[in-house]
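# Geometric and topological summary
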Amino acid sequence: MSEEIIKNIIVRENEDYIINMGPQHPSTHGVLRLEVCLQGETVKYIIPHIGYIHRGIEKMCEAITYQQIIHLTDRMDYLSAHMNNEAVCLCVENALQVEVPERVKYIRTILDELNRLASHQLWWSAFGMDLGALTTFFYGLRDREMILDIFEESFGSRLLHSFNAPGGLMHDVHPNFQKGIKDFITYFRKKLPEYDQLLTGNVIFQQRAKGIGIMSREKAIAYGVTGPSGRGSGFSCDLRKYAPYSAYDKVQFNEILYTEGDTLARYKVRMDEMWESMNIIEQLVDNIPEGDYTAKMKPIIKLPAGEYFQRVETARGELAVYIVSDGNKTPYRMKFRSPNFSNLFVMNELAAGGKIADLIAISGSLDLVIPDIDR
Amino acid sequence: MSSTSTIYDFSTLTGSIDAALHNWMSPGLVLTAELVLVGLIFLTFYALLGLFLVYLERKVCAVMQNRYGPNRVGPLGLLQTIADLIKLLMKELIPIRKADQFLFNLAPFIVIIASFMAIAATPFAKGLQAVDLNIGVFYVMAVSSLGVVGILLAGWSSNSKYSLIGAMRSGAQIVSYELSVGLSLLAIVVFSGTMQLSGIVESQADGWWIFKGHIPAFISFVIFLVASTAEINRGPFDLAEAESELTAGFHTEYSGIKFAFFFLAEYINMFIVAAIGATVFLGGWMPFHIGNWEAFNHVMDFIPSMVWFFLKTFFVVYLIMWFKWTFPRLRIDQLLTLEWKYLMPISLINIVVIAFIVLMGWHF
Amino acid sequence: MNMIFNYIREIFRAISSLWAGMRITGKYFVSPGQIVTQKYPENRATLKMQERFKGEIIMPHDENNQHRCTGCGICEMNCPNGSIEILTNRVPNADGKTERIIDKHIYHLSMCTFCGLCVKTCPSDALAFGQEFEHAVFDRKKLTKVLNQPGSSLKKEAKQ
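Summarised in this report is the structure supplied together with it. Here the structure is a predicted model, which means the values were calculated and not measured.

### Description of the overall build of chain B
- The secondary structure content of chain B amounts to 15 helices and zero strands.
- By principal-axis analysis of the C-alpha atoms, chain B measures approximately 65 × 60 × 45 Å.
- Among the 364 residues that make up chain B, the fraction classed as buried is 56%.
- Relative to all contacts within chain B whose residues are 6 or more apart in sequence, the contacts with residues 24 or more apart total 79%.
- Approximately 15300 Å² of chain B is accessible, and the part contributed by carbon and sulfur atoms is 76%.
- Taking the 19 positively charged and 22 negatively charged side chains of chain B as two groups, their mean positions are separated by 13 Å.

In structure tokens, the structure reads:
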């Protein structure tokens, strides 16, 4: 953090105009509280206060078995529920040296990308709403509904689908799975250009986003900002490329990189990732191999004593799972490195010196999910 | 003018009522009775219009967003806003302990009175106008900008930080956009040579100013639309409310019927702005006439003048709603940039061009 | 001169970008057939949830009021939230040995997270997901349900 911001925070003056954005505020997307110090319309500094939705997931994990942990990870970053599940599953599978069937790998990758699409659609909707374009919210959610229907058909739930299990999947996907996805992609390929016409090209949007909240590559690395937010600053951090898991080594795709580092760049990364996600799904959806939906697992999983680590790329950045096991059926210690936690704290750097409206645009472009910060 | 002679003139109706009252009352009493009567009619009209506009807005935005909109209370949800009004009336008025009580309670009334006064000069149909001032345009401009006093008071007296920011934004916004609204209306005043609203309407008997006034009149219309949208604090210029930034801006602390006053005033203001725009640019109650096509003009005259007025007004209302539900909100500095760097210079140049056109007699 | 040209070009570009957005919303405004929302309570008769929809946990009973639950307690053990409680009775069976049969299979809907572990791990397929989703009640005690119907008994062939 720059010297001046730190000085501002330490030396609070009486005439500082401090407003509390949150815990109940329309655009903090959850129960995040930002203590914003203003000078007129200009933001002097912000202090994020977290912990309003702290549920102690890491501690709870120490008391339950590995199969039961899966459903808790849904509730961290609820918009990338599938990726969170997969992180734990991969970690457990690596620890047990289990080779999961090819079918599982393909389905997991498809679901990852579908989940990423759904998450980005919701982000687009909410981002437009943060900037005051209320109609985006309904268009985004309308298209997201198609993905949620695919999820519901196969897993029975729309948002928090604990569909992964250590060793594979809970059960096989629905027979309509492939058809539903293909229908969705043909539909969404037509709708995505509308998003651009409605918001991206809009001159007001361009002015609100261009050059706002510039994050340099160095800053992104220093704060550990990963995911689309980091890639908007030119920080090449796509784990799907650098540490491929599941079937990511079998598909061709580009890592989206923009070097401007402003709100518009972060926006464009996500918009392009939606196209890229559809490409990945199209490569996989026709080639799902036949086979078992799960590897053979013992009913009670006991990891051998030791430390295990696994990273995955969620819709918001790098989620890392770290398990310390003492050989019991429950982990001795479980630690999640959640992407939003790191992404949140760069906000002070980006928003200080801008207007209140810029603060909203920046927090929208970082795409924060508060339960993931607090865990 | 011959072509307008077939339009029903409401002044015969109002004149006969006036004469009848004079028969059995003293002139002083007649004046009082007429004031009360007109006041009552406007109050009723005002309330119904506000409710209908809220319904219309919700329905329009719903269809734009692939939704049904209100569809529960009454047929097509028509009674939804009445149900909402009853709810708002019954809600608790939350007292703010550290607020300036007098100003806090006064502010909603100032806002609503300002919009109420502006509606008085609106010509609804031929001869149907409460006050036909000879400086009508000027009067409407002056009165409608009174509302900002209410907004400033509301923001200041609520003793809330969000409200204060909202109020200050609104002050800066309305003071600057007032200029563009004035200049764009002035363009038509230059064309028609009168500030009287009925006179402006009469001058459009052979074609509306937006068609007669070449491109400059169209530019004025666009500037008027943009600037007046800003003046009534509606999206994309709703910085005073800016619900994603300031929760609800200047009326954060208001509840119940006091909030409803602000809400109603916003919608009535939208109607007034649309009515002024329709009157000045689109011919008000004047039917669609083309030069000297007598037969065509005659057919058009059969549509009552009131219908024409409301059609045009609601067209402008729809445009304003369309803006709100499409565009993102501007930032405060961009808002001022838009005014001082774009709208203001363009309308100044526009006025000069129009003056030149009028001097040369190039308009129809 | 160039500056003025840029100024005017900027304005036209801005207007055309705004018009592009208005075309989208305008297009949906004139085609109300594209409405995607549903009138929910009215369409109850035609509203059908997906077959795998996880609405609640149920215990299917056949026409003889028989279920498959043996009361083994594996679902209770696997539930991460403690939303299943199993009360068993010990009764003598025909051979004279005492046998454990289920008395009450208590399911706390208010605690359930629909992870599906009970349904997946049940060795005798006694549990399933029901399609009911209208769970709103005025008293949360009503969310505690007994899944086995009164007077129901164990289906014998399920043990094979």
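Back to the text.
### Looking at the sheet that holds strand S6 (residues 144–146) of chain C
All names here are of chain C.
- Spatial strand order, S3-S4-S6: three strands in an open sheet with antiparallel pairing. If you trace the sheet from one side to the other, it starts and ends with strand S3 (84–92) and S6, each paired once. On average, adjacent strands in this sheet sit at an angle of 25° to one another, irrespective of strand direction.
- Bridging between S3 and strand S4 (residues 98–108) involves nine bridges; their strand directions are antiparallel. Bridge pairing in S4 links Glu85 to Ile106.

### Some words on the layout of surface pockets
- For the largest pocket, the calculated volume is near 1800 Å³.
- Breaking the lining of the largest pocket down by element, the ones donating at least two residues are helix H8 (203–209) of chain A, helix H10 (214–231), helix H14 (305–324) and helix H15 (332–360) of chain B together with helix H1 (2–30) of chain C.
- The residue inventory of the lining of the largest pocket, partitioned by class, reads 36 nonpolar, seven polar and five charged.

### Re a nonpolar patch on the surface
Residue and element names in this part refer to chain B.
- Nonpolar side chains collect at one region of the surface, where Phe52, Leu76, Leu78, Leu79, Ile82, Leu85, Ile86, Leu89 and Met90 lie side by side and expose about 840 Å² of accessible area between them.
- Sort the elements by how many residues they give to the nonpolar patch and helix H3 (residues 80–90) lands first, with five residues.
- Among the structural elements, Leu76 can be located in the loop between helix H2 (27–64) and H3.
- Residue classification places Leu76 among the exposed positions, given a relative accessible area of 61%.

### Some remarks on helix H7 (residues 177–200) of chain A
- Across its 24 residues, H7(A) extends 32 Å between first and last C-alpha, which sits within 8% of the 34 Å expected from 1.5 Å per residue.
- Maximum bend of H7(A): about 30°, positioned at A:Arg189, with proline A:Pro193 one to four residues after it.
- Listing the buried residues of H7(A) in full gives A:Phe177, A:Ile181, A:Phe184, A:Ile185, A:Phe188, A:Lys191, A:Leu192, A:Glu194, A:Tyr195, A:Leu198, A:Leu199 and A:Thr200.
- Where H7(A) is buried, its residues meet helix H5 (102–130), helix H6 (135–155), H8 and helix H12 (263–285) of chain A together with H1 of chain C.

### Describing the interface of chain C and chain A
- If you look at the interface, chain C gives 28 residues, while chain A gives 32 residues.
- Here chain C and chain A share an interface that buries about 2400 Å² over both sides, 54% of which is from carbon and sulfur atoms.
- Where chain C touches chain A, the interface holds one salt bridge.
- Salt-bridge contacts for C:Lys27 lead to A:Glu194; the nearest nitrogen and oxygen are separated by 2.5 Å.
- Joining chain C to chain A, the criterion identifies 14 residue pairs in polar contact (both at pLDDT 80 or more).
- Going through the elements one at a time, H1, helix H2 (74–78) and helix H3 (117–121) of chain C are the ones with two or more residues in the side of chain C that touches chain A.
- The biggest single contributor to the side of chain C that touches chain A is H1(C), with ten residues.
- Classifying every residue of the side of chain C that touches chain A gives 13 nonpolar, nine polar and six charged.

### Looking at empty space enclosed by the protein
- Following the criterion strictly, the structure yields seven cavities of 30 Å³ or more and no others.
- Considered as a void within the structure, the largest cavity measures approximately 310 Å³ in volume.
- As for the largest cavity, its lining consists of 25 residues, of which B:Ser144, B:Glu231, B:Ile232, B:Asn269 and B:Val273 are closest to the centre.
- When contributions to the lining of the largest cavity are tallied by element, the ones reaching two or more residues are helix H5 (136–144), helix H6 (147–157), helix H7 (161–192), H10 and helix H12 (256–281) of chain B.
- Here the lining of the largest cavity gets seven residues from one element, more than from any other, and that element is H12(B).
- As a volume, the second largest cavity reaches approximately 70 Å³.
- Together, 14 residues line the second largest cavity, and C:Cys79, C:Ser83, C:Cys112, C:Cys115 and C:Cys118 are the ones closest to its centre.

About the thresholds
Residues numbered from 1 in each chain as written. Chains lettered and ligands numbered in written order. Predicted model: local features only at pLDDT ≥ 70, side-chain atom pairs only at ≥ 80, totals over all residues. Heavy atoms only, no water. Helix = DSSP H or I, 4+ residues; strand = E, 2+ residues; numbered from the N terminus. Buried < 20%, exposed > 50% of the residue type's maximum accessible area, 1.4 Å probe, protein only. Contact = heavy atoms within 4.5 Å. Areas by Shrake-Rupley, 256 points an atom, 1.4 Å probe, with all protein chains shown as cover. Lys, Arg positive; Asp, Glu negative; His and termini not counted. Charge placed at Lys NZ, Arg CZ, Asp CG, Glu CD. Pairing = 2+ DSSP bridges. Axes fitted to C-alpha atoms, helices over the stretch in contact; angles between N-to-C directions. 1 Å grid on protein atoms, 1.4 Å probe; cavity = no way out; pocket = protein on both sides within 12 Å on 5 of 7 lines; lining within 4 Å. Points joined across faces, edges and corners; volume = space filled by probe spheres on them. Nonpolar A, V, L, I, M, F, W, Y, C, P; charged D, E, K, R; others polar. Patch = residues over 30% accessible without salt bridge, like charges linked within 9 Å, V, L, I, M, F, W, Y side chains within 5 Å. Salt bridge = Lys/Arg side-chain N within 4 Å of Asp/Glu carboxyl O. Expected span 1.5 Å × (residues − 1). Bend = angle between axes of the 7 residues up to and from the residue. Buried area = accessible area lost by both parts, 1.4 Å probe. Polar contact = N/O pair within 3.5 Å; in protein donor to acceptor, adjacent residues only side chain to side chain.

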